[in-house]
Amino acid sequence: MTDESSDGQILNHIFQNLFPSELKSAEIPENELNREINLIIRCIEGGIGNLRNEKSFEIIAKKQIRLLKEPSLHCLQLCIAQLSTVIRQCAQALNGYESMKEETEKILLSTLQEREILCKTNIILFIDAELAYINSNHEDFIGFESVQVIDYPAPYS
């Protein structure tokens, strides 16, 4: 972004470019994901058939969901930093009225901080709720019936 970008453009850039880019960089490469699926299927004790496949799906899905937390919290942090800058810039309009400027800035920044805590809590609660329940019976679930177990060499051998 340039120095002349508007604050709205900067916030848009955070949501439209930086956040998706961070999500993409947090993805597990497909070959590594397939390897993990195969390893988990082998490691699950006592599971047979679909029960074993559902458990392996749940482990992998939860790992993927956990990867959303850091980029989401970082996006929030970037937005809060930008909004703090906006508040400080707007407060400059009150330069001739120092006590009013200080009080306005103080109130707005404390409100922003309260909302940051609320947003952070909600992001964490949302991700925790998603981790708590994986519905492998949902129609969008692709299932692992077609997964082929490939014999990869054991790590550290």
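Please read these numbers as outputs of a predicted model, since none were measured by experiment. (Residues numbered from 1 in each chain as written. Predicted model: local features only at pLDDT ≥ 70, side-chain atom pairs only at ≥ 80, totals over all residues. Heavy atoms only, no water.)

Attention now goes to the overall build of the chain. Helices and strands together make up the secondary structure of the chain, namely five helices and zero strands. Seen in sequence order, the chain has helices and strands lined up from the N terminus as α-α-α-α-α. Burial analysis of the chain (157 residues in total) assigns 25% to the buried set. The contacts in the chain between residues at least 6 apart in sequence include a share of 73% that link residues at least 24 apart. (Helix = DSSP H or I, 4+ residues; strand = E, 2+ residues; numbered from the N terminus. Buried < 20%, exposed > 50% of the residue type's maximum accessible area, 1.4 Å probe, protein only. Contact = heavy atoms within 4.5 Å.)

Moving on, we get to the pattern of salt bridges. The full count for this structure, using the stated rule, is two salt bridges. Of the charged contacts, one joins lysine 69 and aspartate 128 as a salt bridge, the two residues approaching to 3.9 Å between their closest N and O atoms. Of this pair, lysine 69 sits in helix 4 (residues 69-91) while aspartate 128 sits in helix 5 (residues 98-132), and the two are 59 residues apart along the sequence. For aspartate 128, a relative accessible area of 35% corresponds to the partly exposed category. Two residues, glutamate 105 and arginine 88, come together in a salt bridge whose shortest N-O distance is 3.7 Å. In this pair, glutamate 105 sits in helix 5 while arginine 88 sits in helix 4, placing the two residues 17 residues apart along the sequence. Look at arginine 88 and you get partly exposed, because its relative accessible area is 42%. (Salt bridge = Lys/Arg side-chain N within 4 Å of Asp/Glu carboxyl O.)

Attention shifts here to the environment of serine 72. For serine 72, the position within the fold is in helix 4. By relative accessible area, serine 72 is classed as buried at 16%. Placed 52 residues apart in sequence, serine 72 and proline 20 show a C-alpha to C-alpha distance of 9.8 Å. Separated by 2.7 Å, the side chain of serine 72 and the backbone oxygen of leucine 68 make a polar contact. (Polar contact = N/O pair within 3.5 Å; in protein donor to acceptor, adjacent residues only side chain to side chain.)

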